[in-house]
Amino acid sequence: MNIVEYRKHRNENQIRTCCCKRRAPWELQPDRKILIGTADKNIPNNRVETSKYNMLTFLPKNSLEQFRKASNLYFLLLGIFQILPPVTTTDGQPTVYLPLSFIIMVSMIKDFFEDFKRHRADDEENNRTVQKYSLRTGVFEYEKWQNVYVGDIIRIANKQRIPADIIILATSKGGECFVETKNLDGETNLKPKYAHPQLQSLYKQLNEKELPYNLFVTMDFERQNPLMYKFKGSFNIVNENKEQPKEALNYENFLERGCSLQNTDWILAVTVYTGHDTKIMMNSIIGKMKYSTVERLMSKQILWVFLFLLFECIFASTYYNVWYQRNVNELQSYLNIDKNAPENNSFYNFVLRFAMWFLLLGNSVPISLLVTLETVKFFQAQMIQWDKNYLTFDRAAAVHSSNLSEELGVIEYIFSDKTGTLTQNIMKFKSLIIDDIVYGDIQEQAYQQEIIDEKPFKEKQRIVSQNVDFTDDELYSELISQFINKKSAKHFSNNDHIFLSLLCLSLCHTIQTELVENIESDIQYNASSPDELALVSFAAEMGFKYIGKEENVMKVYIKHSKEILKFQIQQIIEFNSTRKRMSIVLKDKNGRLILFCKGADNVILSMLQDFDENDTIQKNILFEIKKQLQEYATIGLRTLVLGYKELEQKEYEKFLSEYNRAQAILDDDQLRESLMNQLEEMIENNLKLLCATAIEDKLQDKVGEVIADLKSAGINVWVLTGDKIETAINIGFSCKLLTDQVKRFIIDGDVEGQVERQLGKVTNYINDHPEEPLSLIVSGVALVIIIHNFKEAFFKVALKANAVMACRVSPKQKQEIVNLVRRLTGKITLAIGDGANDVAMITQAHVGVGIRGLEGQQAAKASDYAIGEFKHLRRLLFYSGHESYRKNSNLILFNFYKNQLYIGAFFFFGFSNGFSGQNLYDQWLSQIFNVFFTSLPIILYALFDEKYPNSNYMQLVQDKANFLESRPDIYREYLSKPIFNLVSFWRQFLLGLLQAILLMVISFYAFEPISPHNQGQNSTYLEAGMTIMSAVVIIVNLKVLLMHNTNYPIIIYINLGSTICFILFFLLFSQYPFFESFDLFQRLFECFNYYMAMILMLIVTNFFDLARLRYNYFVEQYKEHQSNNPPTQLEIEM
Amino acid sequence: MESSQQQDQKQPSSIGQAIKQQVLKAWQPVPTINSTIILFAILSVYFLSMGIVLNVYSGEINQQSFRYDAYCQGYPVCEFPIALDTDYKAPIYFYYQLDNFYQNQRRYITSKSVEQLSGQQGLGVGDLSTCYPVITNGQMGKNLSINATPLSSNDPAIPCGLIAQSYFNDTFNITYEVNDEVTNVTVSNEGIAWPTDLGLYANTNISQQWLNVTDERFIVWMRVAAMPNFRKLWGIINQDLQQGRYTIVIENNYNSSAYGGKKFIVFSTTNQFGGKNEFLSVAYICVGVASSLVTIAFCLKKYFSRVDHKKL
């Protein structure tokens, strides 16, 4: 074997582009050959960069991006037009560049900070440390993640995260280790991974001593690729040039970046893929930019406005041409247009006027709108992040795409994950039913608050721990008294159901633990199912503590008699979704075999040993248990029934041999499955009833209340879960999504016909009772069939349903459902989830909300909004979203109104001069009008205005910081009557245009044709123009004040300040003959007519607007009075 | 008041915190129908009274205009008889008015050279492109300067441009007869232009100019009007004029028939608010009426809401 070949092998392909070398795409990379322990420095190291720029590239790259935005390009071109001599309306000065550069600067600063944040996040990731084996010194040294290369040997300690994709060389557990992959797939259970035995034996001593110098391990494996759950490779140990056969490596030996090591002291591993080559990075979803619906509608309207602008230009240039041709003789005398001059040519004239008018009216597309909106949204996002009401464990909400703040105000569909989102993923053991006795109160949960506040009248002992919330006196004392009687566990028989039940609880599971030295100390259980955790924890609380397994022997420590019981595991028949039960066969130290079985109630109850019809006791017990279980189910508790069976040695042996034979059938999967199922059923049959349990799937705080509020706000809540139908229904009940009053339909067929039948039933029901509410529960399998065949029919039903729950759906299906609803209804959707399995749906929905779990940030990272708990959704929608929607919509409407008011005036001025393209305002003042004089007030409005100020309502409603949070009906209002739509947009647009006529008329006739000055001097066209301009500044700023629901002194000052800013600029410009407005300030401000005209203009615009608004307001208030609702305005005397 | 007490405890310590938590002390006006009625009632009163006041003031101003282009048609010098209806108190402002003259044409407005008018020396034809299409003496149609030196037709015209070219050059001499004795009324052209404008104009070289650009009448002309019918101040009469007949001797140089326009002369006095302006007073009265209607509408709204309430 040639080691040199491995040393020299090029693992990295580059392609040459025009000027520089670049990495080839992964498809063109070679398969890798490395020497374990020798870093291949040709392959990029483990550094990860998600930032877009660095110090050098920021300016060129970002500027390029700025001009990729249509609006910026538009204004850039407008500026070029302004320079062209024949068309310039600004003496060849590109005045539009003044606001444009300001806008680009703001945008650049924003990009800079965003990239800076990414840099920081990257740095944090890249500068984590890991122990890396140094060939030079032969010991492990701490090294930054980013300095890890392919081929490096690293050592990872328990609970640490894996820095790169690695192959396990050795572990502290003899070749086995456990990892948690929550970051990758959202699953919280631990997965075992293994080191190859040869590597394990070779490398396990590397901690202490170096490898022999002449020993090499070569590795061959695939090129980097984005295929998950797959690794193909081989290694070869070359000892003193002696070659051993190649050994294969596969996914079992492979660990991805992003997992974390659990329950294993350490592992040694070799890096195989680094940095951007890792599976997680190659699969990382590059978040598409999401735009809010309001913004998309706005962009579309901008296009229409642009068309309107073109229409105006065409109108103006045509008008000019016609007018000119009519008056050509008259105009000749003072315009000196030669008969042969191009100006006499209609076509030339048309083009020229068109360009001029285009320049003049170009600002109809508000230059400052986009940047204003961006700024506002950025700060609105900050507000959410600052808001203490979103704090969960001292962590505030995080906003990842500030673009969407107004989208939150018009959500109509919410798709929620269940586990970790609605529920805490914590199971609390609540109740145990042995025979017909119920231990453990369940109602108490509702009175928790009171119990803490005042002494409850009947005080029961309450055991509360991570997975147990058990309020009961009898069980424990009963147990103690039994132990006092019998002294030791060996005196208990199978008829002692309490003893046997607890033993069953502590044994019938597949939990992993570490054996601890001190049996009294706490034990860390690692369960793949949180239910099991609850059961075992409960047993431990009751003194039956499972302390782990040693070579197939399960040990239970009985606290009461201080002895350890040992059971040898004979067989575990695992849980799956069709069996809905699991069994374990154990052999105690006397050699007796016992089978414990636990499972869904209907399954276990149907497998019970038949009993005599006349056995009233048994019958009674069964009846009681069934009744109790039914009751639990309706309040959403998860119930399990446990049974046992004593097995004869012979019976078991017979089962075992047949079972093994069945298992060995390899060529026919179906046969094997059915045979095994038969055998399993046989051995599990004829159980004796032991007990039933109730576990509370702990809901997150206030989930029920919030869901009820969301629904009364007109939002449809769909739950999409990977869980079983039963659990989903349980949760549906406990969070009040489902109730017994509402008819429930379940579609869970496996085959087409069945699904069709079930669907048909629902359709019929809807046709018969169109007004009746219903809820729909659909399984993932059925959903696949539905999406293939009955998409329309299903969604017709589903969109009618009060509640929809989809169970056992994959991440992909979740995404598909969201996508379909989004497409079919055209409504705004929101997806909320906490796990990596929700990422697809979070990115698919209009708005993705991530719940930041205690661990696992995948969903939160991919989301647009990351919050700590489901209950914050209410504030996020009802307050933050609703208010943002209101304010941002008004901001957009206002901006178009403003520009029409401003620009419309000189469009109408065109009628007085045949649309010759003369401007009316001082060009420099005109260009900064938008940015400097009229932007800040509306920005402050959008940031600080509140329908119901926090400060006034803060303490009024418990736990609802803003009054809006308690008013779902107000949220609902905007769903049916959006503020921002086509009609409102064009109404504002035309309102601006019409009011512009008024301004034009008033300002011109106030100054013309007589002298407005008491010295008899004449005014000029610019005086009228500047009067309009100052009127517009004052009108629009005042309009913002009138729009405010809440007034803050500081904001009033700033608003006035904006107007004063205009006055100062005007004054300044008036001092220099360079500007057209030279000396106009003095003239206007000492002119009486100016003030008269100003007041008149204010009244005909704003005050008549105000009258309209007030009138609408009173009508609405009156309506509310009539419908006997409490008034919207919560009036408090402060 | 319990709530406000709790609120004080929660009151954030600093302004920064208050902003971050959106709990700035706010003032939220609650619109009521009464306040609205009062507001609009005040507006109505204000506008109606202002309208009347403006009307009264406007009525105090004497103003009369006389069209003379038709009368003087074809005469280079014409004696135009007029009659003033009332006595005019000094200062009387004497305007000429042109109709259908589009000074607000873009081509027209831009056709001048600010540099040249400010007296900058040595501006060649190339520097005066803004004067297009009238840059040279030839284009201007002038061959003699003010002091009668011949001008080269290729030299730049001073002043150049369309505005200058179309400079209104009729002159007026107001006379009246008392006891068969003809007396001239002095019409001063001093102070007819804005003082600040005077500083912007200077002569370059009289012998190369066809016009004195510091002439205040020229400066007034250069401030172009916004509307096609406009008045320009020609002079100030610093003596009272009695009601009666006057003859205006007009040098009828300006060809208004070429552009199909009319020419007027206007006598006007001013008050402290400027010249006669009926538009504002009419507009104020209109708005006042509209505002009253709004007030009445709100009153009715209030009345009917109350009636309905009683029914409930």
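On a predicted model such as this, the values are computed, not experimentally measured, just so you know.

Novice: Could you give an account of the interface of chain A and chain B, with specific residues and numbers?
Specialist: Facing the 94 residues of chain A at the interface are 93 residues of chain B. Around 8100 Å² of area is buried between chain A and chain B when both sides are counted, 61% of it from carbon and sulfur atoms. Put simply, chain A and chain B have one salt bridge between them. Residue arginine 1083 of chain A pairs with aspartate 197 of chain B through a salt bridge whose shortest N-O separation is 3.0 Å. Taken together, the connections running from chain A to chain B amount to 22 residue pairs in polar contact (both at pLDDT 80 or more). Here the side of chain A that touches chain B is composed, by residue class, of 50 nonpolar, 30 polar and 14 charged.

Novice: Give me the lowdown on the UniProt feature "transmembrane region" (unreviewed entry) in chain A, citing residues and values where you can.
Specialist: Residue and element names in this part refer to chain A. Per the UniProt record, the feature "transmembrane region" (unreviewed entry) sits at residues 302-322, 354-373, 891-912, 924-944, 989-1007, 1019-1038, 1050-1070 and 1090-1109. Between the first and last C-alpha atoms of residues 891-912 the distance is 33 Å; the span itself is 86% helix and 0% strand. For the annotated span residues 1050-1070, helix accounts for 100% and strand for 0% of the residues, and the straight-line distance between the end C-alpha atoms is 29 Å.

Novice: Hey, could you go over the sheet that holds strand S1 (residues 63-67) of chain B for me, with residue numbers and the actual values?
Specialist: Residues and elements named next belong to chain B. Pairing is antiparallel across the open sheet formed by five strands, whose spatial order is S1-S9-S3-S7-S6. Each edge of the open sheet carries a strand with a single partner, namely S1 and strand S6 (187-188). Two strands pair when backbone bridges link them, and S6 and strand S7 (residues 230-237) are joined in this way by two bridges, in the antiparallel orientation. Counterpart to serine 188 in the pairing with S7 is isoleucine 236.

Novice: So what about the packing of helix H28 (residues 872-909) of chain A against helix H34 (residues 1021-1043) of chain A? Which residues, and what values?
Specialist: Residue and element names in this part refer to chain A. Orientation of H28 relative to H34, taken along the N-to-C sense of each, is 160 degrees, at an axis distance of 10 Å. One way to sum up the angle between H28 and H34 is to call them roughly antiparallel. Taken as a pair, H28 and H34 cross one another with a handedness that is right-handed. Along its contact with H28, which presents Asn890, Phe894, Tyr897, Lys898, Leu901, Tyr902 and Ala905, the element H34 presents Ile1028, Met1029, Val1032, Ile1035, Val1036, Lys1039, Val1040 and Met1043.

Novice: Describe the sheet that holds strand S2 (residues 77-84) of chain B, and please don't skip the residues or the numbers.
Specialist: All names here are of chain B. Taken in spatial order, the four strands make up an open sheet running S2-S8-S4-S5, and their pairing is antiparallel. Across the chains shown, the open sheet's two edge strands, defined by having one partner strand only, are S2 and strand S5 (181-185). Between one strand axis and the next, the sheet turns by 30 degrees as a mean value, whatever way the strands run. When strand S4 (residues 171-178) meets strand S8 (residues 244-251), the two strands line up antiparallel, connected through five bridges. The partner of threonine 175 across the bridge, within S8, is threonine 247.

Novice: So, the packing of aromatic side chains: which residues are in play, and what are the values?
Specialist: Residues and elements named next belong to chain A. Scanning all chains against the criterion turns up 114 aromatic pairs over all chains. Considering the side-chain rings of tryptophan 357 and phenylalanine 915, the 5.3 Å spacing of their centres and the 55 degrees angle between planes classify their relative orientation as tilted. Taken together, the positions of tryptophan 357 in helix H10 (residues 346-361) and phenylalanine 915 in the loop between H28 and helix H29 (923-933) put the pair 558 residues apart, joining distant regions of the chain. In this pair, the class of tryptophan 357 matches that of phenylalanine 915, namely buried.

Novice: Explain helix H24 (residues 791-798) of chain A to me, using residue names and the numbers behind them.
Specialist: Residues and elements named next belong to chain A. Taken as a whole, H24 has its buried residues at Phe794, Phe795, Val797 and Ala798. Taken around the axis of H24, the buried residues stretch over an arc of 155 degrees, which confines them to a single face. Relative to its buried face, H24 has exposed residues pointing more than 90 degrees away, namely Glu792 and Lys796.

Novice: Quick rundown of the domain arrangement of chain B? Include the residues and the values.
Specialist: Segmentation of chain B into domains returns domain 1 (34-61 + 276-312) and domain 2 (62-269). For domain 1 of chain B versus domain 2 of chain B, the distance between C-alpha centres works out to 45 Å.

Novice: Give me the lowdown on the nonpolar core, citing residues and values where you can.
Specialist: In terms of nonpolar packing, the biggest core is built from 250 residues, with Leu877 of chain A together with Trp221 and Phe267 of chain B touching the most fellow members. Shared between two domains, this core takes at least three residues from each, and those domains are domain 1 (34-61 + 276-312) and domain 2 (62-269) of chain B. Leaving out residues up to four positions away in the same chain, tryptophan 221 of chain B has contacts with Tyr96, Leu98, Phe101, Gln103, Tyr108, Ile163, Ser166, Tyr167, Phe168, Phe230, Lys232 and Tyr254 of chain B. Ile498, Ala534, Leu535 and Phe596 of chain A belong to the second-largest nonpolar core, a separate cluster that totals 55 residues.

Novice: Can you explain unusual backbone geometry? Please cite residues and give values.
Specialist: Between alanine 90 of chain B and proline 91 of chain B the backbone carries a cis peptide bond, its omega angle lying at -10 degrees. Note that the residue after tyrosine 132 of chain B, namely proline 133 of chain B, is joined by a cis bond; omega there is 5 degrees. Its place among the elements puts proline 133 of chain B in the loop between helix H5 (114-117) and helix H6 (137-140). Of note in this structure, lysine 159 of chain A is not a glycine but carries a positive phi near 70 degrees. Relative to the elements of secondary structure, lysine 159 of chain A occurs in the loop between strand S6 (153-157) and strand S7 (165-171).

Novice: So what's going on with the UniProt feature "transmembrane region" (unreviewed entry) in chain B? Which residues, and what values?
Specialist: Using the residue numbers shown here, the UniProt feature "transmembrane region" (unreviewed entry) corresponds to residues 37-57 and 279-300 of chain B. From the first C-alpha to the last, residues 37-57 of chain B spans 30 Å; its make-up is 100% helix and 0% strand.

Novice: Please set out the state of the cysteines residue by residue, giving values where relevant.
Specialist: Residues and elements named next belong to chain B. For the coordinates displayed, the defined rule picks out two disulfides over all chains. The disulfide bridge from cysteine 72 ends at cysteine 78, spanning 1.8 Å between sulfur atoms. Accessibility classification places cysteine 72 together with cysteine 78 in one group, the buried group. Here cysteine 131 is linked by a disulfide to cysteine 160, with a sulfur-sulfur distance of 1.9 Å. Measuring the twist about the S-S bond at about 50 degrees, one finds the cysteine 131-cysteine 160 disulfide to be right-handed. Linking cysteine 131 in the loop between H5 and H6 with cysteine 160 in the loop between H6 and helix H7 (162-165), this pair joins segments that are 29 residues apart in sequence. Its relative accessible area of 0% is what places cysteine 131 among the buried residues.

Novice: Describe in detail the environment of glutamate 177 of chain B, supporting the description with residues and values.
Specialist: Residues and elements named next belong to chain B. Tracing the backbone shows glutamate 177 in strand S4. Judged by relative accessible area, which is 54%, glutamate 177 ranks as exposed. Sequence separation between glutamate 177 and isoleucine 15 is 162 residues; the distance between their C-alpha atoms is 80 Å.

Each value, and the rule that gives it
Residues numbered from 1 in each chain as written. Chains lettered and ligands numbered in written order. Predicted model: local features only at pLDDT ≥ 70, side-chain atom pairs only at ≥ 80, totals over all residues. Heavy atoms only, no water. Contact = heavy atoms within 4.5 Å. Buried area = accessible area lost by both parts, 1.4 Å probe. Salt bridge = Lys/Arg side-chain N within 4 Å of Asp/Glu carboxyl O. Polar contact = N/O pair within 3.5 Å; in protein donor to acceptor, adjacent residues only side chain to side chain. Nonpolar A, V, L, I, M, F, W, Y, C, P; charged D, E, K, R; others polar. UniProt positions renumbered as here; feature names shortened; annotations may be inferred. Helix = DSSP H or I, 4+ residues; strand = E, 2+ residues; numbered from the N terminus. Pairing = 2+ DSSP bridges. Axes fitted to C-alpha atoms, helices over the stretch in contact; angles between N-to-C directions. Parallel < 35°, antiparallel > 145°, perpendicular 65-115°, else oblique. Left-handed = near helix turned anticlockwise from the far one by under 90°. Phe/Tyr/Trp six-rings, centres within 6.5 Å; stacked < 30°, edge-to-face > 60°. Buried < 20%, exposed > 50% of the residue type's maximum accessible area, 1.4 Å probe, protein only. Arc of directions from axis to C-beta. Domains from an automatic or database assignment. Core = buried A, V, L, I, M, F, W, Y, C linked by side-chain atoms within 4.5 Å. Disulfide = S-S within 2.5 Å.

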